[in-house]
Amino acid sequence: MSYLKMPGDDGLGPRVRDNNDGTICVEYHPKVEGRHEVLMTHNGGAVKGSPFSCVVDSLPDGFVTAFGVGLVGGNSGEEESFTVVAKQGTAKDIDINIEGPAKVDLKRKDNPDGSTNVTYLPMTPGAYNIHIKYKGKAIKGSPFAAKVSGEGRKRSQLSLGNSAEYSLKVIEADIVDLVGTIQTPAGNIEPIILKKMGDGEIGIASFNPRQKGEYKVCVMRNEKHIKNSPFRLQIGDKELGHAAGCKVSGAIDKSIANHPNTVEIDTTNAGYGGLSVVLEGPHRSDIECYEAKDRKYTIHYSPHEPGIYILNIRFADEHVPGSPFLLNVGGNPSGRIRETVQKQMEAAEASVPHKPCEFILQIPGTNPFDMEASVTSPDGVTELCDVVDLEDFHYKIMFTPQVNGMHTLSVRHKGMHISGSPFQYSVGQLNMGGPHKVQVGGPGLEKGEVGMKNVFNIYTREAGPGILSLALEGPSKSEIKLEDRPNGFLGASYKVTRPGVYGIHIKYDDTHIPGSPFMVNIAPDSGTARQVSVQALRDKGLSVDKPATFTVALNGAVGKLHATVRTPSGGHEDCFIQEMDTGLYAIRLIPKENGVHYVDVKLNDAHIPDSPFAMMVGSSAADPAMVSASGEALEHAKCGTKNKFLVRTAGAGSGILAVFVDGPSKAALSCKEVEDGYEFTFTPFCPGDYLITIKYGNIPIAGSPYKTNVSDGPTENSGTGRKPSPIVEQSSMVVETVEKKTGVGGKVRRFRGDASKVVAKGPGLKKAFTNRLQSFTIETKDAGEALLSVGMLAPSGYPEPELSVKKVSNNNYTISYKVTEIGDHTLYVKWGDEDIPGSPFTLST
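Residues numbered from 1 in each chain as written. Predicted model: local features only at pLDDT ≥ 70, side-chain atom pairs only at ≥ 80, totals over all residues. Heavy atoms only, no water.

Draft legend 1. Spotlight on the overall build of the chain. Each helix and strand in the chain was counted, giving zero helices and 79 strands. Out of the 845 residues belonging to the chain, those deemed buried represent 46%. Taking as baseline every contact in the chain between residues at least 6 positions apart, the subset at least 24 positions apart corresponds to 66%. For the chain, the exposed area adds up to about 40600 Å²; of that, 49% sits on carbon and sulfur atoms. (Helix = DSSP H or I, 4+ residues; strand = E, 2+ residues; numbered from the N terminus. Buried < 20%, exposed > 50% of the residue type's maximum accessible area, 1.4 Å probe, protein only. Contact = heavy atoms within 4.5 Å. Areas by Shrake-Rupley, 256 points an atom, 1.4 Å probe, with all protein chains shown as cover.)

Encoded structure:
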């Protein structure tokens with residue numbers, strides 16, 4: 001049965017004709033313009049695709065109609081189709097154009113009877129506008145709104161600025177405090193990104209000239225030109241960046257999943273410009289630059305699954321000839337399985353001063369006696385928190401804030417920050433920070449083992465309410481569990497059955513948090529690796545350029561031993577392993593940086609017990625919890641102008657300070673040393689949202705990353721006129737800091753220790769004996785944090801020549817002294833600015 005519904009009409013019965021070949025023909029004669037729907041049923045049930053929709057437009061010489069499900073929508077990654085019918089022989093007069101969130105691959109076939117069959121392949125979900133014109137006039141209903149649904153496309157990207165480097169042929173020892181600008185032939189002045197080239201010369205890192213003529217480059221240090229500055233560059237046709245000069249060959253139409261497919265890009269005749277490669281598809285892909293030589297690049301890409309992908313190759317902000325390329329990726333599926341859990345996170349309950357706060361963390365592989373936590377208030381006062389050991393490596397951490405504002409929480413094991421520490425904890429009004437304020441940490445994000453519960457912690461308090469999505473993708477099905485905890489903390493655990501590399505995708509309100517996806521290597525059942533033990537491992541008191549050695553005993557285990565060290569600057573280096581005896585090995589490394597190093601020791605690719613081992617090189621005062629950042633540029637900035645923020649390192653020791661700026665363009669970064677830290681200046685080239693990440697010793701400081709909104713400059717000429725990059729561009733700067741003391745006017749770190757809670761005991765407090773070494777102990781467990789001061793005066797009024805203070809554990813000290821004079825000796829013991837109970841002590845000989 002067939003029924004026709006027309007605009008302003010109660011319906012019309014079309015004529016149905018049986019073709020006697022298994023098909024039927026439905027004919028009708030439209031009388032009005034507009035959308036017509038044909039409802040078809042068979043044995044009382046609707047025919048698949050019914051109702052069929054078409055739009056009728058009237059022209060003096062006949063009707064033009066368009067119909068097909070492709071005019072309404074479809075699914076991303078699937079081919080959709082529709083048909084346009086006009087007067088016989090006039091199909092060439094039909095013009096079709098599709099606009100939407102992404103470029104579509106459109107194919108059309110013109111038929112002699114005036115009809116045109118159209119197919120298109122939408123790769124990205126969203127609303128597409130289909131424009132249909134006949135002899136230059138839009139037909140009735142055009143543009144048609146087609147809604148394409150489906151999962152968003154996965155973007156994998158690679159940005160190469162190497163082709164845009166230009167050497168200034170001058171050598172400078174240090175570039176952190178250099179600032180560069182370039183004046184174009186038109187007279188516009190723009191910032192530039194400076195870098196140190198491989199031969200030690202200073203160069204422009206992202207050189208992309210758009211005009212012919214003379215460019216003037218000024219490089220300044222402390223507002224003064226360096227040697228040979230300003231530099232004059234003559235740019236002609238050959239140097240101008242133009243994508244049309246690029247030649248692309250290789251796997252640009254067909255490729256194989258889970259296999260390195262090669263694309264060769266020759267930019268020799270394309271001038272100066274940045275090169276970027278983006279691969280979009282139903283799954284993630286691995287992209288790497290395999291070789292870069294003489295401005296010729298070999299790119300390897302490997303999609304994880306078969307399907308239809310789009311390869312975008314851009315040079316100097318323009319697509320190269322033929323880009324974007326439509327890739328038909330074949331091969332076998334990887335067999336990777338994805339499991340996802342979601343949870344609606346409500347806004348955390350606000351904390352108020354003088355009211356106890358508590359939160360729970362799960363930290364496997366730790367010793368409760370080595371756990372400590374402290375909280376630093378906005379005015380710099382630091383107090384110890386109470387740490388209560390619960391079952392299954394859960395710790396309840398409690399403190400009582402005294403003021404409103406942003407507090408910094410530090411959780412340490414054996415004096416070193418656990419994964420995820422330090423982090424912020426706001427007292428008073430909560431901010432709605434967004435996905436970039438979600439923090440995660442724990443061993444489950446770094447390593448894992450088959451059949452074991454691998455755990456980590458998620459902290460959403462500062463991000464505000466939202467939907468948390470946790471997905472695991474890997475060789476086997478995963479069992480994911482979320483554990484509810486108060487105050488915006490959450491526990492996460494997963495268990496898998498097969499070894500391999502798993503991707504942990506963490507999203508908040510459908511946006512990846514910083515660092516996601518985390519790639520974790522899940523080892524097979526460690527088995528005999530559990531027998532291995534480590535001896536003579538020093539985790540403190542190590543120095544730069546001095547060898548550190550420890551021994552590993554296999555204790556009967558059999559296999560291949562491998563050790564690597566992760567440095568504070570993010571590098572990975574192999575350790576030297578030497579067999580000393582059967583089943584006994586010496587592992588040696590020479591640290592080159594101050595900060596915490598992590599040594600991974602594996603037997604047959606499985607971590608031995610307690611691996612990775614943390615080792616502190618240099619002063620233990622190199623503490624990211626003591627580093628803070630401030631400045632308006634961390635929230636708002638201007639395009640094309642210098643935006644400043646201060647990173648304060650006073651009191652935090654010396655270490656590697658790294659700043660990363662991620663956004664729609666590169667940014668020129670420079671640094672100037674100031675009294676209590678380092679002042680950074682960054683100049684973005686395009687407006688948009690940027691993330692500023694600050695790390696100290698490879699550990700993000702509390703509050704990092706910061707999200708800053710970059711707007712156009714105050715005048716029309718203040719911007720650089722560059723287009724936002726289709727991929728996220730990263731700029732970075734690394735500074736090796738020197739130890740800075742808190743100066744006058746600086747933020748002094750104060751302590752709220754309670755001297756009345758200090759306990760002193762021992763024979764050395766009762767009576768003194770000449771020329772005999774005596775001692776007593778001091779316990780500060782319940783006294784908070786403060787400075788311990790011990791002094792002793794002889795009867796003559798001079799200080800005693802021999803007095804020592806030794807820390808034996810986190811809260812216990814041993815004081816030793818020897819007196820030489822006869823008479824009354826006075827012993828002073830202070831905790832902070834106050835005497836402890838009994839002080840000053842009078843000891844007679």
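Draft legend 2. Quick peek at the sheet that holds strand 61 (residues 628-630). Taking strand neighbours across the sheet as the criterion, the four strands line up as 61-63-66-65 in an open arrangement whose pairing is antiparallel. Of all strands in the sheet, those bounded by a partner on one side alone are strand 61 and strand 65 (667-674). Each strand of the sheet is rotated relative to its neighbour by a mean of 25°, with strand direction disregarded. Here strand 65 runs beside strand 66 (residues 677-684); their pairing, made up of eight bridges, is antiparallel. Bridge pairing in strand 66 links Cys671 to Phe680. (Pairing = 2+ DSSP bridges. Axes fitted to C-alpha atoms, helices over the stretch in contact; angles between N-to-C directions.)

Draft legend 3. Quick peek at the sheet that holds strand 72 (residues 759-761). The four strands are arranged 72-73-76-75 in an open sheet whose pairing can be described as antiparallel. A single partner strand is all that each edge strand has here, and the edge strands are strand 72 and strand 75 (802-809). Each adjacent strand pair in this sheet contributes to an overall mean axis angle of 20°, direction not counted. Pairing analysis gives three bridges linking strand 72 to strand 73 (residues 774-779), with the strands arranged antiparallel. In the strand pairing of strand 73, Val759 is matched with Glu779.

Draft legend 4. Quick peek at the side chain of His607. Within the secondary structure, His607 is located in strand 59 (residues 606-607). Its relative accessible area of 18% is what places His607 among the buried residues. One polar contact links His607 to Ser611, side chain to side chain, over a distance of 2.8 Å. Each residue touching His607, except ones within four places of it in the same chain, is listed here: Lys447, Ser526, Ala529, Asp600, Val601, Lys602 and Pro612. (Polar contact = N/O pair within 3.5 Å; in protein donor to acceptor, adjacent residues only side chain to side chain.)

Draft legend 5. Up close: the packing of aromatic side chains. Taken as a whole and judged by the stated rule, the model has eleven aromatic pairs. An aromatic cluster of three or more residues is present, and its members are Phe359, Phe399, Phe423, Tyr425, Tyr459 and Phe489. A cation over an aromatic ring shows up here: Arg295 above the ring of Tyr272, its NZ or CZ 5.1 Å from the ring centre. In this arrangement the basic side chain of Lys437 is found over the ring face of Tyr706, its NZ or CZ atom lying 5.1 Å from the centre. (Phe/Tyr/Trp six-rings, centres within 6.5 Å; stacked < 30°, edge-to-face > 60°. Lys NZ or Arg CZ within 6 Å of the ring centre and 35° of its normal.)

Draft legend 6. Spatial organisation of unusual backbone geometry. At the junction of Ser323 and Pro324, the peptide bond is cis and its omega measures out at 0° in the coordinates. As for its placement among the helices and strands, Pro324 is situated in the loop between strand 32 (318-319) and strand 33 (325-330). Each neighbour pair has its own omega, and for Ser839 with Pro840 the value is 0°, a cis peptide bond. Here Pro840 is to be found in the loop between strand 78 (834-835) and strand 79 (841-844). Residue His354 is not a glycine yet carries a positive backbone phi of 70°.

Draft legend 7. Geometry of the environment of Pro568. Turning to its location among the elements, Pro568 is positioned in the loop between strand 54 (561-566) and strand 55 (572-574). Once the C-alpha coordinates of Pro568 and Leu657 are considered, the two residues, 89 residues apart in sequence, prove to be 9.5 Å apart. Sequence-distant contacts of Pro568, defined by excluding residues within four places in its chain, comprise Glu593, Asn594, Gly595, Val596, His597, Gly697 and Asn698.

Draft legend 8. Region of interest: the pattern of salt bridges. Inspection of the entire model under this criterion finds 19 salt bridges. The salt bridge involving Lys507 is made with Asp510; its shortest N-O contact spans 4.0 Å. By relative accessible area, Asp510 is classed as exposed at 66%. Here Asp600 makes a salt bridge to Arg566, at a shortest N to O gap of 3.1 Å. On the criterion of sequence distance, the pair formed by Asp600 in strand 58 (residues 595-603) and Arg566 in strand 54 is long-range, its members being 34 residues apart. Bridged by salt links that share partners, the residues Arg336, Arg338 and Glu473 form one connected network. (Salt bridge = Lys/Arg side-chain N within 4 Å of Asp/Glu carboxyl O.)

Draft legend 9. Local environment of the pairing of strand 33. The alternating pattern of strand 33 places Phe325, Leu327 and Val329 on a buried face and Leu326, Asn328 and Gly330 on a face that is not buried. In terms of strand pairing, strand 26 (residues 254-256) meets strand 33 through three bridges, oriented parallel. Residue pairing in the sheet places Ser255 in a bridge with Val329 of strand 33. Bridge count for strand 31 (residues 307-315) against strand 33 is five bridges, and the pairing is antiparallel. Residue pairing across strands places Ile308 opposite Asn328, the latter belonging to strand 33.

Draft legend 10. Looking closely at empty space enclosed by the protein. Scanning the entire structure with this criterion turns up six cavities of 30 Å³ or more. The volume enclosed by the second largest cavity comes to roughly 110 Å³. Forming the boundary of the second largest cavity are Leu361, Ile418, Ser419, Gly420, Phe423, Gln439, Val440, Gly441, Asn457, Ile458, Tyr459 and Phe489. Of all the secondary structure elements, the ones that give two or more residues to the lining of the second largest cavity are strand 43 (439-441) and strand 45 (454-459). Across the lining of the second largest cavity, the residue classes break down as seven nonpolar, five polar and no charged. (1 Å grid on protein atoms, 1.4 Å probe; cavity = no way out; pocket = protein on both sides within 12 Å on 5 of 7 lines; lining within 4 Å. Points joined across faces, edges and corners; volume = space filled by probe spheres on them. Nonpolar A, V, L, I, M, F, W, Y, C, P; charged D, E, K, R; others polar.)

Draft legend 11. View of the nonpolar core. The biggest cluster of nonpolar side chains holds 33 residues, and the ones touching the most others in it are Phe645, Val647, Val661, Phe680, Phe682, Ile692 and Ile694. Excluding residues within four positions of it along the chain, Phe680 makes contact with Asn643, Lys644, Phe645, Val647, Leu657, Val659, Ser670, Cys671, Met733 and Val735. Membership of the second largest hydrophobic core comes to 26 residues, among which are Ile287, Leu311, Ile313 and Phe325. (Core = buried A, V, L, I, M, F, W, Y, C linked by side-chain atoms within 4.5 Å.)

Draft legend 12. Highlighting the environment of Cys575. Within the secondary structure, Cys575 is located in the loop between strand 55 and strand 56 (576-581). We classify Cys575 as buried; its relative accessible area is 11%. As for Cys575 and Leu589, which are separated by 14 residues in sequence, their C-alpha atoms are 5.4 Å apart. Discounting residues that sit within four places of it in the chain, Cys575 has contacts with Ala563, Thr564, Val565, Ile587, Arg588, Leu589 and Val599.

Fair warning: the whole summary comes from geometry, so function is off the table for now.
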